[in-house]
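One-letter residues, chain by chain:
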Amino acid sequence: MAKVTIDGKTIEVADGTTILQAARMIGPDVAPPTMCYYSKLKTSGGYCRTCLVEVSKGSEKDPRPMPKLVASCRTTVMDGMEVKNNDSEKVTEARKGVVEFLLLNHPLDCPVCDQAGECHLQDLSYEHGSAKTRTDFERRTFEKIDIGPYVQLHMNRCILCYRCVKVANQITDGRVHGVINRGDHSEISTYVEEAIDNDFSGNVIDVCPVGALTDKTFRFKSRVWFTKPVDAHRNCDKCSGKVVLWYKGEDVLRVTGRKDQWGEVEEFICNTCRFETKKTSDWTIEGPRKLDNHSVISANHYEFLKKPKELTINTVKPLAIEGGNN
Ligand code: SF4
Ligand code: FES
């Protein structure tokens, strides 16, 4: 076991635990943000540098501070380690730089992006972003690609976090995809089109932290904060069948996996549940989804709706800005 202190809060964790995992065990107040780490995917993390922290004391045996900030998702704790996240000016400064770097090529098109309201980069930009850019070159642009009948890839928004690559690699057969080229020419290989032809391909949408991979059956149907998320399940022979149905009026606009407080799915769901069962009669409704989320989605006050049988779905007027060209 190892004792680690993060922002003044101490916890004892098993050897081999990363700083990020230990911080999450303490709670959201000290947990660093993440854009590429995903607890349900093996070998994720280490790409985006959003989770950098300062190690002010290496361990009980060797109390020297670590000379540079470290990626908390890839650094394991040592007994007696002391870590600064929110308490460190160096970290705040570095995080600002990381956000600026991520936004070098990412367009600020939140008003027309389907991910708005549940985008981790949007949240991060509000917290650490700068209102001005220091660059005057054009952001790189790509054609949108349809990846099969259900998923669209818009590389303009991709931050190369590798989560979709790892989903395709770890829950499908054979690796026929990945990031091709290097530096600012890097892009998700269009071979992903082949990798995506399987029963679990829709999960790339759930893991994408930005709006690069979107659900074609949901695009531009509604802003997400105007929908009403409801927990539901069905008997499925491919996955657990436990999902969230996103209602607008009486229509199920989209089906997603259930996400935990870190915005990561609890279980991957199959394409049949996600794309092909969109009638209320297909599902057993459990009740309103409790959103532990600071984003605008939680603006719908479900705490008044206690039991599933009391559930009523209100009709919401369609938005005027729907049908944008992105
Ligand atoms: S498409 Fe999304 S999930 Fe895939 S690498 Fe880009 S940002 Fe990450
Ligand atoms: S979350 Fe740690 S490097 Fe991306």
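Up top is the structure.
First things first, this report covers the structure right here in the doc.

Thresholds applied
Residues numbered from 1 in each chain as written. Chains lettered and ligands numbered in written order. Predicted model: local features only at pLDDT ≥ 70, side-chain atom pairs only at ≥ 80, totals over all residues. Pairing = 2+ DSSP bridges. Helix = DSSP H or I, 4+ residues; strand = E, 2+ residues; numbered from the N terminus. Axes fitted to C-alpha atoms, helices over the stretch in contact; angles between N-to-C directions. Near = placed C-beta within 6 Å. Nonpolar A, V, L, I, M, F, W, Y, C, P; charged D, E, K, R; others polar. Parallel < 35°, antiparallel > 145°, perpendicular 65-115°, else oblique. Left-handed = near helix turned anticlockwise from the far one by under 90°. Contact = placed C-beta atoms within 7 Å. Expected span 1.5 Å × (residues − 1). Buried ≥ 20, exposed ≤ 12 C-beta atoms within 10 Å, placed from the backbone. Arc of directions from axis to C-beta.

1. Notes on the sheet that holds strand β13 (residues 251-256)
So, step 1. An order of β13-β12-β11-β14 is seen for the four strands of this open sheet, with the pairing classed as antiparallel. Two strands bound the open sheet, and with one partner strand each, they are β13 and β14 (284-288). Strand-to-strand twist of the sheet, defined as the mean angle between neighbouring strand axes without regard to direction, takes the value 35°.
So, step 2. Where strand β11 (residues 228-233) meets β14, four bridges bridge the pair, whose relative direction is antiparallel. Following the sheet pairing, Ala232 is matched in β14 by Ile285.

2. Structural notes on the site of ligand 1
So, step 1. As a matter of local geometry, ligand 1 sits amid 14 residues, with Cys158, Cys161, Cys164, Cys208 and Ala212 nearest to it.
So, step 2. By residue class, the composition of the shell around ligand 1 is 13 nonpolar, no polar and one charged.

3. A closer look at the packing of helix α2 (residues 89-102) against helix α3 (residues 120-128)
So, step 1. Running from N to C, α2 and α3 point in directions that differ by 130°, and their axes come no closer than 10 Å. When the axis of α2 is compared with that of α3, the two are oblique. In the crossing of α2 with α3, the sense of the turn from one axis to the other is left-handed. Contact residues: α2 offers Arg95, Lys96, Val99 and Leu102, while α3 offers Leu121, Leu124, Ser125 and His128.
So, step 2. A per-class count over the contact of α2 with α3 returns four nonpolar, two polar and two charged.

4. A closer look at α2
So, step 1. Taking 1.5 Å per residue as the helical rise, α2 with its 14 residues ought to reach 20 Å, and the 20 Å between its terminal C-alpha atoms agrees with that figure.
So, step 2. Buried within α2 we find Val91, Arg95, Val99 and Leu102. Buried residues along α2 cover an arc of 75° about the axis, so they all sit on one side. Seen from the buried face of α2, the exposed residues on the opposite side, beyond 90 degrees, are Glu89 and Glu93.
So, step 3. Among the structural elements, β3 (52-57), β5 (81-84) and α3 are those in contact with the buried residues of α2.

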